[in-house]
Amino acid sequence: TQADIEKIKCIGFIINTEISKPDMVFYSKLGINSKRLEELYAEGGEESYESEGLIFVNKEKLKEYALNNNITPAALGSIECYLRLNNP
């Protein structure tokens, strides 16, 4: 729920050049643990069609994950925004 969001900020803008679609990338800090997040995700929601599932990746291994897995261009761009913010 919105009450579970402790902090949210825009960390970048990306464009999916395959479909010329711009996206804003947000970082959010939640006041719930991963188990509760999975429960809420499983309940679905208005925009649940936007994703296929959740994965949890240790932030120290995020770059390695991005390089070694088949992820969408938007996900790759979002990870790059996060890494630039946290590893200047």
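Computed from a predicted structure; not experimentally measured.

J.: Would you explain the pairing of strand S2 (residues 21-30) in this entry?
T.: Regular strands place their side chains on alternate faces of the sheet. Bridging between strand S1 (residues 5-16) and S2 involves 10 bridges; their strand directions are antiparallel. Counterpart to Ile15 in the pairing with S2 is Pro22. From the end of S1 to the start of S2, which pair antiparallel, there are 4 residues, and Ser20 there has a positive phi angle of about 50 degrees.

J.: What is the right way to read the nonpolar core from this model?
T.: For soluble globular proteins, the rule of thumb is that nonpolar side chains tend to be buried together. The biggest cluster of nonpolar side chains holds 9 residues, and these are Ile11, Ile14, Val25, Leu62, Ala66, Ile79, Cys81, Tyr82 and Leu83. Every element with two or more residues in this core is listed here: S1, helix H2 (62-68) and helix H3 (73-86). In terms of residues, this core owes the most to one element, H3, which gives 4 residues. Beyond its immediate stretch of four places on either side in the chain, Val25 contacts Lys9, Cys10, Ile11, Gly12, Ile14, Ser78 and Cys81.

J.: Please clarify how the pattern of salt bridges should be interpreted in this entry.
T.: For side chains bearing opposite charge, pairing can occur when the charged atoms are close. All chains considered together, the criterion is met by 4 salt bridges. Measuring nitrogen to oxygen at the nearest pair gives 2.6 Å for the salt bridge that ties Asp23 to Lys21. Accessibility expressed as a relative area gives 38% for Lys21, which makes it partly exposed. Note that Glu39 is salt-bridged to Arg36, the shortest N-O span being 3.2 Å. Taken together, the residues span about one helical turn, with Glu39 and Arg36 both in helix H1 (residues 34-43) at a distance of 3 residues. The class for Glu39 is partly exposed, based on a relative accessible area of 33%. Classification of Arg36 as partly exposed rests on a relative accessible area of 33%. A single network of salt bridges, built from pairs that share partners, joins Lys35, Arg36 and Glu39.

Cut-offs applied
Residues numbered from 1 in each chain as written. Predicted model: local features only at pLDDT ≥ 70, side-chain atom pairs only at ≥ 80, totals over all residues. Heavy atoms only, no water. Pairing = 2+ DSSP bridges. Helix = DSSP H or I, 4+ residues; strand = E, 2+ residues; numbered from the N terminus. Core = buried A, V, L, I, M, F, W, Y, C linked by side-chain atoms within 4.5 Å. Buried < 20%, exposed > 50% of the residue type's maximum accessible area, 1.4 Å probe, protein only. Contact = heavy atoms within 4.5 Å. Salt bridge = Lys/Arg side-chain N within 4 Å of Asp/Glu carboxyl O.

These figures capture arrangement, not role.
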